[in-house]
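Coordinate analysis (summary)
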Amino acid sequence: MYQQIAMYATVFFVFLLGLAFAFVYGESKRSGEYSTIQEKGYKIRKFYFLGLIAIMAFATVMTLGRLPYDSNQAEAEGLNETKAVKVTGVQYAWEMSEETFKAGDKVQFDVTASDVTHGFGLYNENMELVAQTQAMPGYTNTVYYTFKEPGTYQILCLEYCSAGHHVMVKEIVVEPEGGASDE
Amino acid sequence: MNEAIHPLAKKTVVWHLAVTSLVLILMMIFGVIMLMNQGEMISITPQWFYKIMTAHGTGMVGIAALGGTAILWYFLSKYIKLNPAILIVNFVLFLTGVTMVLIAIFVFDFSDGWTFLYPLPAQSAKMYGAAGAVFFLSGMLVLGIGFLILYMYLAARLTAVYGGLGKALGWDIIFRGKKGYGPPAAVVATAMVIITNSTALLAGATVLAASLVNIINPAVTMDPLLAKHLTYAFGHIFANCTIYMAVIAVYEVLSEYTKRPWKANKVFLIAWNCSTLFTLMIYTHHLLMDFAVPKWMLIIGQVFSYANGLPVMVVTAYGALMIVYRSRMKWDFASSLFFLSMFGWVAGAIPAIIDATIVVNHVMHNTKWVPGHFHTYMGMGVVAMIIGFMYYFNKTEGNQQHRGIDTFTIALYFSFFTGFVGSFLYAGGISAPRRWAEHLPQWVLSDQVGAISGIFIVVAAIIFSARFFSGLRSVGTNVHYQKKSAAG
């Protein structure tokens, strides 16, 4: 969802920006008194500034309540208990204390690394990135994810960790709720 | 104040620009090779991919800094007498550092990226031998020392002429109610770059020295999270500052072309002070996925990354639009590129600001969205400013004329750059990771679009460079600054 919002928002704002530059380019062929232009320009700038502040404030308020490391949301929703899974990144593999899950499982991934820094990127069956944190030696970063859909998920390394970075992929299977026999 | 650039400094500026244009083409070719490999159009080994990636990332930021320095020195010389020896020292140390970095990569197989995240260099040193890591880290250190010497000298000059960096940033106007305008934009920008880049370089020197010590004596260790902070405080600020140096050309040249002064009024000075503060703080948006970082620091990373867009959007780019509006200015190579570069800067800031939103970053960090935004900002912003300055320099110091081929090349460069960065942003939108030697089938199409766009960008860069070198023939080495106006 956020990927789509990011793409559409970028296209929209860059388009508006392009229009502004094209308009000024078109107007550059005419002449005008600069002091008058400045006077009007500064007035418009006030509204433009306040508009940008409003957009940024709105985005801040809307998004800061959904921080990915806040467990509160994960704990408040759903019926199942949170399952803690220890994940360790190593050149070039992911070691996990548990590898099979069921749809509906709320999982707390405690992510670390045993050698260098790696990036824990959880991808769903459509290869969309759904959750992420860094795997850093000496630290444990906790990320929560609820598996809503069954399927084959993958963990990709998203922080450059030397020549085998791109082969550092692990498949995990999420069975349908109630077990694989449901299929 | 109306100083003349020292003839030796002018020659050194030519050397800066010549090296910048050649390295730029080479680094662009490296970029195309990587995209062609990801797009399955050619096949190179992962080891070679990561070596090229390391050279590309380090080299691009390096040459942007070199080109930016040439711009800064050239225009600052209008207002302050500067000793060319310092520029030469910077240039020699830059070349020494770059040579060491290239030896590290292509002779000793160093491929840990410009990010060289601790303890990766030590780990690689164990596997591939210490020479590569030691050469790379030492080369970066030498390069950084060159820039630090330059900034210390410039700080001393600004202090001597303007009474300190605070006054150069207009603090007496902002805080003490002094009336009138602040120092020229070139001085304000230089003061900002001195403060931010010196901080960046000190952070970089700390992590580079600690990594070197760790390789030599593994008993001496460092906290990986602290090391990452220092690495990004160094890398992000340093890359950011390239545009704050290069934008001096936009202020000077658009003002000259439109015959309208671009004075440092109070709002302008506040904006540059905000940029100084925010540029120092917002590197933390690179650590939004390091949940071990205190939450308040991550929230600052989001909020101030948003805020850092405001000075450029509301003051610098808006100022460029205002100054050009109904100015009847002459559109040639330089003015076109400077105008477009302001578009590129803001267009690159938009996806960057969106990505600095923690919930977005959570599913887009380290995808190709990130290089998508900074290629927009670097390629259509910083590099466009540097290329625009190359033409301006040749026209002002020599007799280069705008030709039809220039209009064609600008159109070629910007059209294909739009396709190029579009392919990156799209790839990020479909979750393609960055810094991967090989891609899954669903990501390959965007790589191919990027590679083909990249080939045309290289063609444009070659034409730009050929025009620059041919124009240099007419540049007199003993001509004083601003022999004539390029706008005329």
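Computed from a predicted model, the values in this text were never measured in an experiment.

Counting residues at the interface gives 73 residues for chain A and 85 residues for chain B. Between chain A and chain B the total buried area reaches about 7000 Å² when both faces are included, carbon and sulfur atoms providing 69% of it. Contact with chain B buries area across many residues of chain A, yet Phe21, Tyr160 and His166 of chain A alone supply 11% of it, more than any other trio. Our enumeration of links across chain A and chain B arrives at three salt bridges. The closest approach of N and O atoms between Arg435 of chain B and Glu159 of chain A, which form a salt bridge, is 3.8 Å. Applying the counting rule to chain A against chain B returns 33 residue pairs in polar contact (both at pLDDT 80 or more). For the side of chain A that touches chain B, the residue count by class is 44 nonpolar, 20 polar and nine charged.

A few words on the nonpolar core. Membership of the largest hydrophobic core comes to 237 residues, with the highest contact counts inside it found for Phe109, Leu122 and Phe147 of chain A together with Trp73, Leu154, Phe268 and Phe389 of chain B. The biggest single contributor to this core is helix H9 (residues 224-258) of chain B, with 21 residues. With residues up to four places along the chain from it excluded, the contact list for Phe389 of chain B reads Val13, Leu17, Ala70, Ile71, Tyr74, Phe75 and Phe338 of chain B.

The subject of this paragraph is the sheet that holds strand S2 (residues 93-96) of chain A. Strand pairing within a sheet occurs via backbone hydrogen bonds; the two strands may be parallel or antiparallel. Residues and elements named next belong to chain A. Taken together, four strands build an open sheet; the order of strands is S2-S1-S4-S7 and the sheet is mixed. Each of the sheet's edge strands pairs with one partner strand only, and the pair in question is S2 and strand S7 (141-146). Direction aside, neighbouring strands of the sheet carry axes that sit 30° apart on average. As paired elements, strand S1 (residues 82-90) and strand S4 (residues 106-113) share eight bridges and run parallel to each other. Counterpart to Lys86 in the pairing with S4 is Asp110.

What follows covers the packing of aromatic side chains. All names here are of chain B. For the coordinates displayed, the defined rule picks out 52 aromatic pairs over all chains. Aromatic pair Trp436 and Trp443: ring centres 5.9 Å apart, planes at 80°, arrangement edge-to-face. Residue Trp436 is classed as buried on the basis of its relative accessible area of 3%. The buried category is assigned to Trp443, whose relative accessible area is 1%. Members of the aromatic cluster, joined through ring pairs, are Phe333, Tyr391, Tyr413, Phe414, Phe417, Phe420, Phe424 and Phe464. In this structure, Lys51 is placed above the aromatic ring of Trp48, and the distance from its NZ or CZ to the ring centre is 4.0 Å.

Residues and elements named next belong to chain A. Pairing geometry for S1 and S2, over four bridges, is antiparallel. Paired with Thr88 across the two strands is Glu95, which belongs to S2. Linkage of S1 to S2, two consecutive antiparallel strands, is achieved through a turn of two residues.

What follows covers the environment of Ala317 of chain B. Residue and element names in this part refer to chain B. For Ala317, the location among the structural elements is in helix H11 (residues 295-324). Along the primary structure Ala317 and Trp345 are separated by 28 residues, whereas in three dimensions their C-alpha atoms are 8.3 Å apart. In this view, Ala317 contacts Val312, Met342 and Val346; residues no more than four positions away in its chain are not counted.

Here the focus is the environment of Ser21 of chain B. All names here are of chain B. Within the element layout of this structure, Ser21 appears in helix H1 (residues 7-38). For Ser21, a relative accessible area of 1% gives the class buried. Measuring from C-alpha to C-alpha, the distance between Ser21 and Ile5 comes to 22 Å, with 16 residues separating the pair along the chain. Within the structure, Ser21 has its side chain in polar contact with the backbone oxygen of Ala18 (distance 3.0 Å).

A cluster of nonpolar residues, Met41, Ile42, Ile452, Ile455, Phe456 and Val459 of chain B, forms a patch on the protein surface that exposes about 440 Å² of accessible area. Within the secondary structure, Val459 of chain B sits in helix H16 (residues 441-472).

This paragraph deals with the sheet that holds strand S5 (residues 118-123) of chain A. All names here are of chain A. Pairing in this open sheet of five strands is mixed, and the strands run S3-S9-S8-S5-S6 from one edge to the other. Where the open sheet ends on each side, the last strands, each with one partner, are strand S3 (100-102) and strand S6 (129-135). Across the sheet, the mean angle from the axis of one strand to that of its neighbour is 25°, orientation sign disregarded. Summarising the sheet, strand S8 (residues 151-157) and strand S9 (residues 169-175) pair through six bridges and their orientation is antiparallel. Paired with Thr152 across the two strands is Val173, which belongs to S9.

Reading guide: rules and limits
- Residues numbered from 1 in each chain as written.
- Chains lettered and ligands numbered in written order.
- Predicted model: local features only at pLDDT ≥ 70, side-chain atom pairs only at ≥ 80, totals over all residues.
- Heavy atoms only, no water.
- Contact = heavy atoms within 4.5 Å.
- Buried area = accessible area lost by both parts, 1.4 Å probe.
- Salt bridge = Lys/Arg side-chain N within 4 Å of Asp/Glu carboxyl O.
- Polar contact = N/O pair within 3.5 Å; in protein donor to acceptor, adjacent residues only side chain to side chain.
- Nonpolar A, V, L, I, M, F, W, Y, C, P; charged D, E, K, R; others polar.
- Core = buried A, V, L, I, M, F, W, Y, C linked by side-chain atoms within 4.5 Å.
- Buried < 20%, exposed > 50% of the residue type's maximum accessible area, 1.4 Å probe, protein only.
- Helix = DSSP H or I, 4+ residues; strand = E, 2+ residues; numbered from the N terminus.
- Pairing = 2+ DSSP bridges.
- Axes fitted to C-alpha atoms, helices over the stretch in contact; angles between N-to-C directions.
- Phe/Tyr/Trp six-rings, centres within 6.5 Å; stacked < 30°, edge-to-face > 60°.
- Lys NZ or Arg CZ within 6 Å of the ring centre and 35° of its normal.
- Patch = residues over 30% accessible without salt bridge, like charges linked within 9 Å, V, L, I, M, F, W, Y side chains within 5 Å.
- Areas by Shrake-Rupley, 256 points an atom, 1.4 Å probe, with all protein chains shown as cover.

By themselves, these are just geometric observations and shouldn't be taken as functional.
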